[in-house]
Amino acid sequence: MKNLNLCLVFALQVGGMISPAFSETAVVDGITWLYTIKDGEASVGGGSWDLPAVPRTTEGCIKVPSAFGSFPVTRIDSYAFYMCEKLECVEIQEGVVSIGEDAFGSCRKLVSVEIPASVKDFGRYAFSYCPALMNITLPEGLLNISAYAFIGCSKLDRIAIPASTTNIHSRAFRDAKMLGLNVADGNLYYKSENGLLLTKDSQSVVRCWGGAENVKIPEGVVEIADYAFYSCDWVMKLEIPASVIGIGYGAFWGCKGLERIELPKSVLRIGERAFCNCLSLQCIAVDSQNPVFSSCDGALYCRDAASLVSCPAGKSSIVLDGGVRRICAEAFVNCDKISSVSLPFGLTNIENNAFSDCRGIVKIEIPESVIGLEAGSFSGCVKLQEISVDVHNPVFTSVDGVVYDKDVKRLICCPYGRSYLTVPDTVDEVGWEFTLANLRSITVDYDTKLSYLPYGLQELYVKNSEWGMPNADEWVFGSVGDGFQIYVDSESRADRTWYGFMVKMAPTWWMGGVCYSLFGGVLTARAESPACTANACQAIIEGPAAIHRVYEVAMEGDFDEIAAGAFQYFEYLSNGKIPDGVKCIGESAFYGCS
């Protein structure tokens, strides 16, 4: 049975008409197929992620039809089997010429694919993130293997490159643990030699394979391509010859066994993240005659040491060269073992993502000489709570551990480890910098314009809101988390809806002679009678405020005692001042305030 969908695509071209494409469905062997007809040939799938060739619930093994009626199948369209997570094996029949972008992407149970000799080309991400894929034979006749064709295929450990292949993108086999990678003898463009996939002229290393601990790159190699040694965690020792000029992006990413790399004087170019996630790497040594790079304390610098290029991820401490003026983008990426860095006077610029994903850093002090700092300079530093700026810095200042411009008109950088923030009233507008923060609660004055909000934000507190609503456009709230709530302290006491969100008054309640209010993560307790009773404070657990929203406690009035268990398990509590009048703190009063 065949049905004509209401999906005819007509394209106009200067000088005439292009043949229209028709999308149709047909049932073959009990499976409903979607295909597209153009110029007398059929493509499997509709060409986009929401138009799969077969229902995504299709399971087991299937055979792609060789034709639909009189129309031969010549192409597996982009996204044809994307996220068909129950497919286990696919047989493609003779006649198919190309496999489109992401055609089999995220087929998580796919084990094997039979590809006919007629296939000439794989699109980008063609078999991406198929973690069960183990068996695939590249046919003689295949010309091109595009970027990321097998990215995420963690079980694909052996593959043979046919003689016909003329182009293999350097990122084609990223993530694949290549223990066997053979090239047909007749291939004119590539060869396999001593655990390396090389271009035929031995000019470039395309991919490492084989599992050898000691790898010697042959003399004559000029370039180490992007991701050439990606996740080759078996490599313990590497010899780079004096002929190498360029090292590509992420070239040694994830070589977790490497402890030392020696760069010859010939190396003139190093791509970003070249040594990312080399968790054991202690030293990047550079030949003293290299005209572009140098090394100090195991870190990689430019020749005059004015720019820090890369810090080895295996180092637990580092002393920066006193002459350093710039910390380059991603210089400290994934340096998890470093808990603190002393930035020297004279440093002027910290580039974007310079300390990206340094999960051990808790505090950073910015010297007065720094005049360049990006919102994402410390992105992903999950423990970073405070960024302090020298008071003499002419460009930046810090308020409560957050960096602003000198006049506190614009937010520059918020520590990624912070869960809540009170924006100073002087800030005119909260810009895109917030998208790089990890905040869950924000307090802001109504006069501060909200142009962006952090992804996953849970609560927004708006002060001095005359109209009982935030100063923002509707689209700003597209990134907020589930259960997002807005609170205002407006004189208008009625809850209301605003752009589909419920706007509530800040919660206030009485218990045990104490008036409690929660606003912007700060729990204020005002004593009307002595003592903060355990029942009163713990009522927050079941009361109008959830315990995870309390970051700071302010106690006002004549408190003389904090009862046993009063603030027990306030897990996010990070700030608080105990009044002078308190004479007794009960057992486990702050127990579990982790």
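All of these numbers come straight from a predicted model, not from anything done at the bench.

A.B. asks: Mind laying out the sheet that holds strand E27 (residues 269-270), listing which residues take part and the relevant values?
C.D. replies: Judged by pairing direction, the sheet is mixed, and its six strands sit side by side in the order E19-E20-E21-E23-E25-E27 without closing on themselves. Looking at which strands have only one partner, the edges of the open sheet turn out to be strand E19 (190-193) and E27. Pairing analysis gives four bridges linking E19 to strand E20 (residues 196-199), with the strands arranged antiparallel. What sits directly across from Glu193, in E20, is Leu196.

A.B. asks: Help me get a handle on the side chain of Ser377, residues and values and all.
C.D. replies: Relative to the elements of secondary structure, Ser377 occurs in the loop between strand E35 (372-373) and strand E36 (386-389). Polar contacts involving the side chain of Ser377 include one to the main-chain carbonyl oxygen of Ile350, which spans 3.2 Å.

A.B. asks: An account of the sheet that holds strand E12 (residues 112-114) is requested, with residue identities and associated values reported.
C.D. replies: The strand order across the open sheet built from four strands is E7-E10-E12-E14, with neighbouring strands paired in parallel fashion. Both outer strands of the open sheet, strand E7 (60-63) and strand E14 (135-136), are each paired with one neighbouring strand and no more. Note: strand E10 (residues 87-91) against E12, three bridges, orientation parallel. For Cys89, the partnering residue across the bridge sits in E12 and is Ser112.

A.B. asks: For the nonpolar core, give the residues involved together with the corresponding values.
C.D. replies: Phe81 and Phe150 are the most contacted members of the largest nonpolar core, which has 55 residues in total. Of all the secondary structure elements, the ones that give two or more residues to this core are strand E5 (31-38), strand E6 (41-44), strand E9 (71-76), E10, strand E16 (158-161) and strand E18 (180-183). Ranked by the residues each element gives to this core, the list is headed by E5, at four residues. Ignoring anything within four residues of it in the chain, the contact list for Phe150 reads Phe122, Phe127, Leu133, Ile136, Leu138, Ile145, Leu156, Ile159, Ala172, Phe173 and Arg174. With 34 residues, the next largest nonpolar core counts Leu320, Phe332, Ile338 and Cys413 among its residues.

A.B. asks: Which residues make up the pairing of strand E29 (residues 293-296), and what are the values?
C.D. replies: Inspection of the sheet shows E29 paired to strand E30 (residues 299-302) by four bridges, in the antiparallel sense. Pairing of Ser295 across the sheet is with Leu300, part of E30.

A.B. asks: I'd like to hear about the state of the cysteines, residue by residue, with values.
C.D. replies: Tallied over the full model, the rule gives one disulfide. The disulfide that involves Cys61 links it to Cys89, with 1.6 Å between the sulfurs. The disulfide joining Cys61 to Cys89 has a torsion of about 125 degrees about its S-S bond and is therefore right-handed. Placement of the pair is Cys61 in strand E7 and Cys89 in strand E10, with a sequence separation of 28 residues. Using a relative accessible area of 52% as the deciding quantity, one classes Cys61 as exposed. The buried category is assigned to Cys89, whose relative accessible area is 18%. The cysteine Cys278 is free of any disulfide, with Cys255 supplying the nearest cysteine sulfur at 5.1 Å.

A.B. asks: Can you break down the pattern of salt bridges residue by residue, with the values?
C.D. replies: A full pass over the atoms with the stated rule returns twelve salt bridges. The salt bridge partner of Arg326 is Glu351, with a shortest N-O separation of 2.7 Å. With Arg326 in strand E32 (residues 326-327) and Glu351 in the loop between strand E33 (349-350) and strand E34 (363-366), the pair connects residues that are 25 residues apart, well separated along the chain. With a closest N to O distance of 2.9 Å, Asp425 and Lys463 form a salt bridge. One end of the pair, Asp425, is in the loop between strand E40 (420-422) and strand E41 (429-430); the other, Lys463, is in strand E44 (residues 459-463), with 38 residues separating them in the sequence. Its relative accessible area of 45% is what places Asp425 among the partly exposed residues.

What counts and what doesn't
Residues numbered from 1 in each chain as written. Predicted model: local features only at pLDDT ≥ 70, side-chain atom pairs only at ≥ 80, totals over all residues. Heavy atoms only, no water. Pairing = 2+ DSSP bridges. Helix = DSSP H or I, 4+ residues; strand = E, 2+ residues; numbered from the N terminus. Polar contact = N/O pair within 3.5 Å; in protein donor to acceptor, adjacent residues only side chain to side chain. Core = buried A, V, L, I, M, F, W, Y, C linked by side-chain atoms within 4.5 Å. Buried < 20%, exposed > 50% of the residue type's maximum accessible area, 1.4 Å probe, protein only. Contact = heavy atoms within 4.5 Å. Disulfide = S-S within 2.5 Å. Salt bridge = Lys/Arg side-chain N within 4 Å of Asp/Glu carboxyl O.

These results come straight from atomic positions and should not be treated as a statement about function.
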